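Breakdown of the fold
Okay, here's what each chain looks like letter by letter:
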4 protein chains.
Amino acid sequence: MLDAAVRVFSRRGFHAASMDEIADDAGISKPMVYAYLGTKEELFVACLHREGTRLMEAIAEAVAPDLTPDGQLWSGLRAFFRFVGAHRDGWGVLYRQARAQQPFADNLAEMRERMVRVVGVMLAQALAAEGREIRDTDLEVMAYALVGASESLADWLADHPEADPDKTATRMMNVAWLGAAQLLRGDVWHPSGE
Amino acid sequence: MLDAAVRVFSRRGFHAASMDEIADDAGISKPMVYAYLGTKEELFVACLHREGTRLMEAIAEAVAPDLTPDGQLWSGLRAFFRFVGAHRDGWGVLYRQARAQQPFADNLAEMRERMVRVVGVMLAQALAAEGREIRDTDLEVMAYALVGASESLADWLADHPEADPDKTATRMMNVAWLGAAQLLRGDVWHPSGE
Amino acid sequence: MLDAAVRVFSRRGFHAASMDEIADDAGISKPMVYAYLGTKEELFVACLHREGTRLMEAIAEAVAPDLTPDGQLWSGLRAFFRFVGAHRDGWGVLYRQARAQQPFADNLAEMRERMVRVVGVMLAQALAAEGREIRDTDLEVMAYALVGASESLADWLADHPEADPDKTATRMMNVAWLGAAQLLRGDVWHPSGE
Amino acid sequence: MLDAAVRVFSRRGFHAASMDEIADDAGISKPMVYAYLGTKEELFVACLHREGTRLMEAIAEAVAPDLTPDGQLWSGLRAFFRFVGAHRDGWGVLYRQARAQQPFADNLAEMRERMVRVVGVMLAQALAAEGREIRDTDLEVMAYALVGASESLADWLADHPEADPDKTATRMMNVAWLGAAQLLRGDVWHPSGE
DNA sequence: AATGAATGAGCTTTCATTCAT
DNA sequence: GATGAATGAAAGCTCATTCAT
């Protein structure tokens, strides 16, 4: 039943989507939508929540704890891009929508935090394995950058229907891991002469 | 006068923003807004255009052609994060809004393409300097990832008013450049055993 | 429910009539008006159509094909003036409004054409009965004049609530038929000495 | 200066005409329009008045008191149709407009009354010349019918730019005068068997 | 004397939301 | 329990009308 809502929100965007169309698409009457899922905002949050959960589960399932750090990252990225590839409409637009509609910024922020935390843990483990450490803020920002780069490529993937999710994941891995690997080794770039 | 519009669009989002509120915020009457800037859509495009131009100029001004590749990237990133830090509203309108509102996706896409192209050129120059080359698609995707990571950190910066733009730029540089440097040297990560 | 619309359009004119007033007058809420009858223009066309159809039917019903030509004309005129007398509002909408509002001129023109054609056929039959004939343009203009005279008297009737429709019809018949009868006999007036 | 107003009212209709366009067309600024001619309604009345006066004058000038009754009618009709032919826009639309806009109904009614009275006088003179008389109401209605038929043909003329005013006048004369002549002779049509 | 700039008020239209059946 | 019917509220946009220069 949420499927209809996701479809319509994806197709039209949050504001342009009308409860009429959602009810129609779901094959039930409008009052039922209100009875089961409440306000339009609540409905959107519900969509967001479900899609977010599914994504998280898909990734969590893929990241086996016994893998090496780069193996974990790779598995996670691949799962992520596969999910986006399979739910181009749902994910891409839900995400893009949520980012733009102030009222949902918090819901989204929370989701992103969770992803950032997961990535952060991976990085921390990798660091520990190398016997090195890094400031928490740096870790967070780095994780942010990786998540952001992934989101951006996810957008790119959603806009290029013919693109291959796995290949996209490989590319992201190259950008991410090689950079990260350097950092993990202690190589640090800093502005020269300042 | 566009300032008010940028503020309100950023605060509310495109749809939720009402022309009444924009007029109020600007301290003029609604008909004046229409007289000077036309339709709500045209108004938004005008905001988009101005903010985009400002951002581009800020970056272009910073990137001196006689710098080394990493010097260019660093200058560009620093200018970018400084701009975002100083124009949080503008950034909100530019990216968070425009990305989600179908009608403006094109305007935004064009701008992003320009940035991606600029970054791509930098990378290509660096490659040439090393005597190496890379497939165009890979270049594009890589540039996309860098731009995306920057956008994401920009969001982070916009949400953390106390954060320092220059420090954020440095962090981004670390993620970006070290990773890129590896790639430029020919190191390629690929899924093992698949 | 169209009744309210006809009343208000007749009272205010197309432009000056507000959907609010129509909804009020109908005792329902504005969105209902839109749900049932669509746009203001569509609503007006609907009014036009209904009133026009009613008028045509009233006349068609009255004009029995087995009557003599003057009997037909008389029956038609009587039906016409009775209708106008009974539906003063409707008449107002039909003619006074539609004639002036460019977008509806066509709808009206079509109806008037139908009336002109009917009158033209009557005249032609009468001519044939007398073994005479007349140029088509003359016929059309004559029919036009008769229809116009009738419309004018209809206006007069609509403005004089105490006037008797049948008497008005008789008067119109006198003007119309005696003049026509002359013409049919071949008497033609022409400017002397020119 | 009224010319511009007449042009614009003709082109657009009363409501659709904007004061901006009128001022533009007149080559002066809007406040001047208000200074010289007042409200939009007042402006329209002024147009109506001027056009009406011109029409009346054109007719009055043509109707010499020493003519025979049919000579007077003919001269009047010819002047009328010539005027309409020469001012197709102005007259046709002003008239059609005024008829539809409630607020101006009175102004228009007054003008029409004047014409009816003039025609009535002609008919009464003709009657007197024949030594016959007729009830006042009948006279009025007859005059109304003639005026109405003329208006209708004027509309027709305004819509057929290639039509010849004098020919139209002749046709109207045929319809009008032959019918009237009969009536003047005492021939009266009345519903048979009722 | 003439105008550019400004606005209050109003109109059509659309929805999220709820009764009454 | 489910719905067709209904509405309050608001939004975009326009225009007759007037100041302040």
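Residues numbered from 1 in each chain as written. Chains lettered and ligands numbered in written order. Predicted model: local features only at pLDDT ≥ 70, side-chain atom pairs only at ≥ 80, totals over all residues. Heavy atoms only, no water.

1. Examining the protein's contact with DNA strand E
Taken together, 28 residues lie around DNA strand E, and Lys30 and Tyr34 of chain A, Ser29 and Pro31 of chain B together with Tyr34 of chain C are the ones closest in. Here DNA strand E approaches the protein such that, of its atoms within 4 Å, sugar and phosphate make up 56%. Here a phosphate oxygen of DNA strand E sits 3.1 Å away from a polar atom, N or O, in the side chain of tyrosine 34 of chain A. In the environment of DNA strand E, a phosphate oxygen lies 2.7 Å from a nitrogen or oxygen atom belonging to the side chain of tyrosine 36 of chain B. Grouping the amino acids of the surface near DNA strand E by side-chain chemistry returns 15 nonpolar, six polar and seven charged. (Near = heavy atom within 4 Å. Polar contact = N/O pair within 3.5 Å; in protein donor to acceptor, adjacent residues only side chain to side chain. Nonpolar A, V, L, I, M, F, W, Y, C, P; charged D, E, K, R; others polar.)

2. Considering helix H5 (residues 69–86) of chain C
Taking 1.5 Å per residue as the helical rise, H5 of chain C with its 18 residues ought to reach 26 Å, and the 26 Å between its terminal C-alpha atoms agrees with that figure. Across the 18 residues that make up H5 of chain C, a large majority, 14, are buried. (Helix = DSSP H or I, 4+ residues; strand = E, 2+ residues; numbered from the N terminus. Expected span 1.5 Å × (residues − 1). Buried < 20%, exposed > 50% of the residue type's maximum accessible area, 1.4 Å probe, protein only.)

3. As for the pattern of salt bridges
By the definition in use, this model includes 47 salt bridges over all chains. In this structure, glutamate 21 of chain A and arginine 11 of chain A form a salt bridge, with 2.9 Å as the shortest nitrogen-oxygen distance. Residue glutamate 21 of chain A is located in helix H2 (residues 19–26), and its partner arginine 11 of chain A is located in helix H1 (residues 2–12); the two are separated by 10 residues in the primary sequence. Ionic pairing is found between aspartate 25 of chain B and arginine 11 of chain B, a salt bridge with its closest N-O pair at 2.9 Å. Here arginine 11 of chain B lies in helix H1 (residues 2–12) and aspartate 25 of chain B lies in helix H2 (residues 19–26), a separation of 14 residues in the sequence. For aspartate 25 of chain B, a relative accessible area of 28% puts it in the partly exposed group. By relative accessible area, which is 35% here, arginine 11 of chain B ends up partly exposed. Taken together, the shared-partner salt bridges connect Arg7, Arg11, Arg12, Glu21 and Asp25 of chain A into one network. (Salt bridge = Lys/Arg side-chain N within 4 Å of Asp/Glu carboxyl O.)

4. Some points on the protein's contact with DNA strand F
Of all residues adjacent to DNA strand F, which total 26 residues, the nearest are Lys30 and Lys40 of chain B, Ser29 and Pro31 of chain C together with Lys30 of chain D. Expressed as a percentage, the sugar and phosphate content of the atoms of DNA strand F within 4 Å of the protein is 57%. Contacts to DNA strand F include tyrosine 34 of chain B, whose side-chain N or O atom sits 2.9 Å from a phosphate oxygen. Within the backbone of alanine 17 of chain D, one N or O atom sits 3.2 Å away from a phosphate oxygen of DNA strand F. Counting residues per element, the ones that place at least two in the surface near DNA strand F are helix H3 (30–37) of chain A, helix H3 (30–37) of chain B, helix H3 (30–37) of chain C together with helix H3 (30–37) of chain D. With four residues, the single largest contributor to the surface near DNA strand F is H3 of chain A. The class makeup of the residues in the surface near DNA strand F is 15 nonpolar, six polar and five charged.

5. Focus on the packing of aromatic side chains
The full count for this structure, using the stated rule, is 26 aromatic pairs over all chains. Here phenylalanine 80 of chain A and phenylalanine 81 of chain A contribute two aromatic rings whose centre-to-centre distance is 5.0 Å and whose plane-to-plane angle is 70 degrees, an arrangement assigned as edge-to-face. For the pair phenylalanine 80 of chain A and phenylalanine 81 of chain A, one class covers both residues: buried. Residues phenylalanine 14 of chain D and phenylalanine 104 of chain D carry aromatic rings whose centres are separated by 5.1 Å and whose planes lie at 75 degrees to one another, so their mutual orientation is edge-to-face. Residue phenylalanine 14 of chain D is found in the loop between helix H1 (2–12) and helix H2 (19–26), and its partner phenylalanine 104 of chain D is found in helix H7 (residues 102–130); the two are separated by 90 residues along the sequence. Each member of the pair, phenylalanine 14 of chain D as well as phenylalanine 104 of chain D, carries the same accessibility label: buried. By way of ring pairs, the aromatic residues Phe9, Phe14, Phe44 and Phe104 of chain A are connected into one cluster. When the ring centre of phenylalanine 14 of chain A is taken as origin, the NZ or CZ atom of lysine 40 of chain A, which lies over that ring, is 4.8 Å away. (Phe/Tyr/Trp six-rings, centres within 6.5 Å; stacked < 30°, edge-to-face > 60°. Lys NZ or Arg CZ within 6 Å of the ring centre and 35° of its normal.)

6. Considerations on a nonpolar patch on the surface
A cluster of nonpolar side chains, Met1, Met32 and Tyr36 of chain A, forms an exposed patch at the surface whose accessible area comes to about 340 Å². Mapped onto the fold, methionine 1 of chain A is located in the segment before H1. (Patch = residues over 30% accessible without salt bridge, like charges linked within 9 Å, V, L, I, M, F, W, Y side chains within 5 Å. Areas by Shrake-Rupley, 256 points an atom, 1.4 Å probe, with all protein chains shown as cover.)

7. What to know about the side chain of glutamine 72 of chain C
Residue and element names in this part refer to chain C. Within the secondary structure, glutamine 72 sits in helix H5. The exposure class assigned to glutamine 72 is buried, which follows from its relative accessible area of 7%. There is a polar contact of 3.4 Å between the side chain of glutamine 72 and the backbone oxygen of alanine 64.

8. Description of the UniProt feature "DNA-binding region" (unreviewed entry) in chain A
When the UniProt feature table is mapped onto this chain numbering, "DNA-binding region" (unreviewed entry) sits at residues 18–37 of chain A. End-to-end, the C-alpha atoms of residues 18–37 of chain A are 15 Å apart, and along that stretch the chain is 80% helix and 0% strand. (UniProt positions renumbered as here; feature names shortened; annotations may be inferred.)

9. Looking at the nonpolar core
The tendency in soluble globular proteins is for nonpolar side chains to be buried side by side. Ranked by size, the top nonpolar core spans 122 residues in total, and within it Phe9, Leu43 and Phe81 of chain A together with Phe9, Leu43 and Phe81 of chain B carry the most contacts. The biggest single contributor to this core is helix H8 (residues 136–159) of chain B, with 14 residues. When sequence neighbours within four positions are dropped, the list of residues in contact with leucine 43 of chain A reads Leu2, Ala5, Phe9, Met19, Ile22, Val33 and Leu37 of chain A. Counting residues in each nonpolar core, the second largest holds 121 residues, with Ala79, Ala98, Val119 and Leu153 of chain C among its members. (Core = buried A, V, L, I, M, F, W, Y, C linked by side-chain atoms within 4.5 Å. Contact = heavy atoms within 4.5 Å.)

10. Examining H1 of chain B
All names here are of chain B. Listing the buried residues of H1 in full gives Leu2, Ala4, Ala5, Val6, Val8, Phe9 and Ser10. In this structure, the buried residues of H1 make contact with H2, H3, helix H4 (40–62) and helix H6 (88–100). One or two steps after H1, the chain reaches glycine 13, where phi turns positive at roughly 95 degrees.

11. Some words on the packing of H2 of chain A against H3 of chain A
All names here are of chain A. Closest axis-to-axis distance for the H2/H3 pair is 8 Å, and the angle between their directions is 90 degrees. In this view, H2 runs roughly perpendicular relative to H3, as classed from their interaxial angle. Contacts between H2 and H3 involve Met19, Asp20 and Ala23 on the former and, on the latter, Lys30, Val33 and Tyr34. Residue classes in the contact of H2 with H3 are distributed as four nonpolar, no polar and two charged. (Axes fitted to C-alpha atoms, helices over the stretch in contact; angles between N-to-C directions. Parallel < 35°, antiparallel > 145°, perpendicular 65-115°, else oblique.)

12. A look at the packing of helix H4 (residues 40–62) of chain A against helix H5 (residues 69–86) of chain A
Residue and element names in this part refer to chain A. In the contact formed by H4 and H5, the axes pass within 8 Å of each other and the chain directions differ by 145 degrees. Crossing geometry of H4 relative to H5 is assigned as right-handed. Contacts between H4 and H5 involve Glu51, Arg54, Leu55, Ala58, Ile59 and Ala62 on the former and, on the latter, Ser75, Gly76, Ala79, Phe80 and Phe83. (Left-handed = near helix turned anticlockwise from the far one by under 90°.)

13. A look at the environment of leucine 108 of chain D
All names here are of chain D. As for its position among the elements, leucine 108 is in helix H7. Leucine 108 gets classed as buried once you look at its relative accessible area, which sits at 4%. Note: C-alpha distance between leucine 108 and glycine 52 (56 residues apart in sequence) is 8.8 Å. Once you skip the residues sitting within four places of it in the chain, leucine 108 turns out to touch Tyr95, Ala98 and Arg99.

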